[in-house]
Amino acid sequence: MVTRAFVVMLRTKVHDHFEWPVELAEFRRLVGAIGLEVVDNIIQTRSHKHSGLLLGRGRVEELVQRVVAEEIEVVAVYNVLKSMQKYNLQKKLGCEVIDRYEVVLRIFEREARDRVSKLQLELARLQKSFPFIKVAVGEQLKREKPSRGEFSRGGGEYAYHSKLQQVSKRITKVKSELAKLRRENLSRLRARRKLGIPIVCLVGCYNAGKTSLFNALTGAEKEVSERPFTTLASKVSQASNPGVFFVDTIGFALGLDPALISAFQLNMDDMRASDVVVLVVDAADDIILLRMKLRRVISILDEIGIERRRLIIALNKADLAGARLVEQVTPFIEEHYDIEWVAVSAVTGLNLSELEALIRKRYAALL
Ligand SMILES: Nc1nc2c(ncn2[C@@H]2O[C@H](COP(=O)(O)OP(=O)(O)OP(=O)(O)O)[C@@H](O)[C@H]2O)c(=O)[nH]1
Ligand SMILES: [Mg+2]
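This one's a predicted model, so the numbers in the text were calculated from it and none came from an experiment.

A. Region of the structure containing the site of ligand 1. In the vicinity of ligand 1 lie 24 residues, with K210, S212, T230, T231 and D319 positioned nearest. In this structure, an oxygen atom belonging to ligand 1 sits 3.2 Å away from a main-chain N or O atom of A208. Contacts to ligand 1 include K210, whose side-chain N or O atom sits 2.7 Å from an oxygen atom. In isolation ligand 1 has 650 Å² of accessible area, and contact with the protein removes 90% of it. Sorting the residues of the shell around ligand 1 by element identifies α7 (210–218) and α11 (318–321) as the ones contributing at least two each.

B. Structural view of the coordination of the magnesium ion (ligand 2). At the metal site, the magnesium ion (ligand 2) is ligated by T211 (OG1) and T231 (OG1), and these contacts range over 2.0 to 2.1 Å. In this pair, T211 sits in helix α7 while T231 sits in the loop between α7 and β6 (235–236), placing the two residues 20 residues apart along the sequence. A relative accessible area of 7% places T211 in the buried class.

C. Quick look at the side chain of N215. Its location among the elements puts N215 in helix α7. Look at N215 and you get buried, because its relative accessible area is 13%. Each residue touching N215, except ones within four places of it in the same chain, is listed here: A220, E221, K222 and V224.

D. Main features of the pairing of strand β5 (residues 199–204). Within β5, 6 of the 6 residues are buried, which leaves it mostly tucked inside the rest of the structure. Residues I199, C201 and V203 line one face of β5 and the alternating positions V200, L202 and G204 line the opposite face, and both faces are buried. Two elements, β5 and strand β7 (residues 245–248), share 4 bridges in a ladder whose sense is parallel. Looking at the pairing, V200 lines up with F246 of β7.

E. Representation of the nonpolar core in the model. One finds F108, F229, M271, L279, L301 and L315 to be the most contacted residues of the largest nonpolar core, which totals 68 residues. The leading source of residues in this core is helix α10 (residues 287–303), at 7 residues. In contact with F108, not counting residues within four places along its chain, are L121, F229, L232, I250, L256, L260 and F264. Of all hydrophobic cores here, the second largest spans 21 residues; its members include L202, A208, A346 and Y363.

F. Summary view of the pattern of salt bridges. A full pass over the atoms with the stated rule returns 27 salt bridges. We note a salt bridge from K222 to D248, for which the minimum N-O separation is 3.0 Å. A residue pair is termed long-range when its members are at least 10 positions apart, and K222 in the loop between α7 and β6 and D248 in strand β7 qualify at 26 residues. Among the residues examined, D248 registers a relative accessible area of 0% and is labelled buried. The shortest N-O distance in the salt bridge between K317 and D282 comes to 3.1 Å. Highlighted residues: K317 in the loop between β9 (311–316) and α11 and D282 in strand β8 (residues 276–282), separated in sequence by 35 residues. You'll find K317 and D282 in the same group, each marked buried. Via salt bridges that share partners, E96, E102, R106, E109 and R125 belong to a single interconnected network.

G. Quick peek at the domain arrangement of the protein chain. The domain boundaries assigned to the protein chain delineate domain 1 (3–108), domain 2 (113–177) and domain 3 (195–366). Between the C-alpha centres of domain 2 and domain 3 the distance comes to 39 Å. Counting residues at the interface gives 6 residues for domain 2 and 8 residues for domain 3. If you sort the residues of domain 2 by the area they bury against domain 3, S117, Q120 and L121 come out on top, with a joint share of 63%. Here domain 2 and domain 3 share 0 salt bridges between them. Taken together, the links from domain 2 to domain 3 amount to 3 residue pairs in polar contact (both at pLDDT 80 or more). Taken together, the residues of the side of domain 2 that touches domain 3 sort by class into 3 nonpolar, 2 polar and 1 charged.

What counts, and at which threshold
Residues numbered from 1 in each chain as written. Chains lettered and ligands numbered in written order. Predicted model: local features only at pLDDT ≥ 70, side-chain atom pairs only at ≥ 80, totals over all residues. Heavy atoms only, no water. Near = heavy atom within 4 Å. Polar contact = N/O pair within 3.5 Å; in protein donor to acceptor, adjacent residues only side chain to side chain. Areas by Shrake-Rupley, 256 points an atom, 1.4 Å probe, with all protein chains shown as cover. Helix = DSSP H or I, 4+ residues; strand = E, 2+ residues; numbered from the N terminus. Donors = N, O, S within 2.8 Å, 3.2 Å for Na, K, Ca; no water. Buried < 20%, exposed > 50% of the residue type's maximum accessible area, 1.4 Å probe, protein only. Contact = heavy atoms within 4.5 Å. Pairing = 2+ DSSP bridges. Core = buried A, V, L, I, M, F, W, Y, C linked by side-chain atoms within 4.5 Å. Salt bridge = Lys/Arg side-chain N within 4 Å of Asp/Glu carboxyl O. Domains from an automatic or database assignment. Buried area = accessible area lost by both parts, 1.4 Å probe. Nonpolar A, V, L, I, M, F, W, Y, C, P; charged D, E, K, R; others polar.

Set out below in structure tokens:
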């Protein structure tokens, strides 16, 4: 049985005509990855978000009709919703309403196998659900109260507080477990650095081919797939490939919420502790998408404190990119980024030794 869904997007940048369709297509892909069948897109352009409903009232009423008529079970909203908006929309639409944060979280949860990823995700989920529970139960209590009188302390209110207390206790517990695991990870990273062997991290958007390159460079056989976020936990190679530690880690995505990125502190530590950072780009992407992804990845790397001089760009999937590589991709990189690049293919092995040479050159320049 497929679950029928609508995708909803509020376009607030009214003058943007090129990027929103790309963002929408990417979001639909993520929605598909959690097993939803997208029946239609509902798009509204409006410079201001409605504070309680996100979309304008008229559009919501229209949506109410269509959800019933077209037997929609889930409405997936591109924009990140405030708890009150999610609550109001769910109540009006009578179906489940999820936002971009939730969609990505669900994909992560499908892929998470290891303890660290699971705990990081649990924290992300708890932190998101805490304000929602507050709103949902608070609203329910408001409706129950009048019949009981102003000073009543009914069971509802007790349950509300105990639920919130339970969630906040769990948040504290998960945070402290993660802090311990993070300290352990940091001490492993320090020990590795002391060996004086170059540490090279592969970063980029999901599906760029980071794990494929990691496997090609190290002889490992880690899982590679078309599914978004196949890799969550970081993996460090043996320093067998003549004296380099390669690190494969989680991918980014367009529009990834900063709150979700910060849930993956241990992965960010792995990136920060590397000498050279190879930014893996899917050179076969459409050029508009490629530009948007590159901008996003570079801004995340800036946020987590990775200096430009540690970066090199691997234009991967050169075998698929064809003529576009020299006609569009490399001129764009040359013009906008002062970062050395090499076109490679993890599948055919094209230019892998050039990539290694570039990594060594960058490492030497850092010393
Ligand atoms: N044709 C071609 N396909 C590639 C190349 N590199 C990777 N792929 C394919 O691209 C898809 C994604 O590859 P992965 O290595 O899993 O990508 P990733 O960046 O590790 O993705 P996440 O783990 O989800 O972040 C797979 O289907 C690979 O087979 C390449 O150089 N050429
Ligand atoms: Mg991977």
